[in-house]
Amino acid sequence: MDIYKPGQFAKRIGRTVSTLHKWDYAGRLKAHRTSTGRRFYTEEDFRIVLGLEIAIGDRVSYSYCRVSSAGQKAISSRKKRLFKIFVLRLAWLSKSI
């Protein structure tokens, strides 16, 4: 199991350590604690943040990117990426369909 210090995890997800602390206090993403009380995060936490695994009981935002023709599939792919960045910035959990 990969374990990340708050600074490492924050850098990996493109957020700040203070945001991780806020998420911890709000219950959005609870930090794990060592026996000495230090926070750490796991690979599972990373997948939760990316929306690949949804924590039970959390609200989820679903995104839908519609295109009119097959020639616009590249645009749809770009829309999905931009939406994922948008929801990460707002600290939402999301799942694209």
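Our structure's up above, just so we're on the same page.
Residues numbered from 1 in each chain as written. Predicted model: local features only at pLDDT ≥ 70, side-chain atom pairs only at ≥ 80, totals over all residues. Heavy atoms only, no water.

K.L.:
What's the story with the side chain of Arg39 in this structure? I'm lost.
P.N.:
With respect to the element layout, Arg39 can be found in strand S3 (residues 39-42). Owing to a relative accessible area of 17%, Arg39 belongs among the buried residues under this scheme. A polar contact is formed between the side chain of Arg39 and the side chain of Asp24, at a distance of 3.0 Å. A polar side-chain atom of Arg39 sits 3.3 Å from a polar atom in the side chain of Tyr25. Not counting residues up to four positions away in its chain, the partners in contact with Arg39 are Pro6, His21, Asp24, Tyr25, Ala31, His32 and Arg33. (Helix = DSSP H or I, 4+ residues; strand = E, 2+ residues; numbered from the N terminus. Buried < 20%, exposed > 50% of the residue type's maximum accessible area, 1.4 Å probe, protein only. Polar contact = N/O pair within 3.5 Å; in protein donor to acceptor, adjacent residues only side chain to side chain. Contact = heavy atoms within 4.5 Å.)

K.L.:
Whenever I open this one, the nonpolar core confuses me. Can you help?
P.N.:
One recurring pattern in soluble globular proteins is that nonpolar side chains are buried together. By size, the foremost hydrophobic cluster in this structure holds 12 residues: Tyr4, Phe9, Ala10, Ile13, Leu20, Trp23, Leu29, Ala31, Tyr41, Phe46, Ile48 and Val49. Among the secondary structure elements, those contributing two or more residues to this core are helix H1 (6-13), helix H2 (17-26) and helix H3 (43-50). Residue contacts for Ala10: discarding those within four places in its chain leaves Arg15, Thr16, Val17 and Leu20. (Core = buried A, V, L, I, M, F, W, Y, C linked by side-chain atoms within 4.5 Å.)

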